Amino acid sequence: MKEFKPDTPYNVAAVLQIPADKYIKGVLKKVYPDDGEMIYISFRTFGGSETKSNGVTVVEDTGTVETWYRPDIKSNCRLLINGMPYEILGTPENIGNRNMWLVFKVRAVKGGA
């Protein structure tokens, strides 16, 4: 079995936003802080992903992130990459359960409605 080695350097700066639960008008919502801790990642996009919604083809901005292992990076967190918020899709994969690297997919958060 081949051992995992990062194939690109972790040279992209990103801001890790860990949400806090807050009651807004009696409804519990996730609130992301305006600031967060700076982390360094490897970020690759592949031109987005095509999906069909109600017969219309939609291209979503998606990408793959590799970074050093951090137990506080979870599926409810977001990353700010070049000012664009990205949500984590699924659970970040702890490669080989060695607590050295994480790999996960992200999708750009767009719209404000």
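Everything that follows concerns the structure shown earlier in this document.
## Things to note about the packing of aromatic side chains
No. 1: The final tally for this structure, using the stated rule, is three aromatic pairs.
No. 2: Relative to W68, the ring of Y10 has its centre 5.2 Å away and its plane inclined at 85°; by these criteria the two rings are edge-to-face. Of the two residues, Y10 is situated in the segment before strand 1 (12-17) and W68 in strand 7 (residues 62-68); the sequence distance between them amounts to 58 residues.
No. 3: Accessibility expressed as a relative area gives 13% for Y10, which makes it buried.
No. 4: A cation over a ring is seen here: R78 above Y32, with NZ or CZ 4.1 Å from the ring centre.

## Focus: the sheet that holds strand 8 (residues 78-81)
No. 1: One closed barrel accounts for six strands, arranged 1-4-7-10-9-8; its pairing is antiparallel. With strand direction ignored, the average angle separating the axes of adjacent strands in the sheet is 45°.
No. 2: Taken together, the five bridges between strand 4 (residues 37-45) and strand 7 define a ladder with antiparallel strand orientation. Within the sheet, the bridge partner assigned to T45 lies in strand 7 and is G63.

Analysis parameters
- Residues numbered from 1 in each chain as written.
- Predicted model: local features only at pLDDT ≥ 70, side-chain atom pairs only at ≥ 80, totals over all residues.
- Heavy atoms only, no water.
- Phe/Tyr/Trp six-rings, centres within 6.5 Å; stacked < 30°, edge-to-face > 60°.
- Helix = DSSP H or I, 4+ residues; strand = E, 2+ residues; numbered from the N terminus.
- Buried < 20%, exposed > 50% of the residue type's maximum accessible area, 1.4 Å probe, protein only.
- Lys NZ or Arg CZ within 6 Å of the ring centre and 35° of its normal.
- Pairing = 2+ DSSP bridges.
- Axes fitted to C-alpha atoms, helices over the stretch in contact; angles between N-to-C directions.

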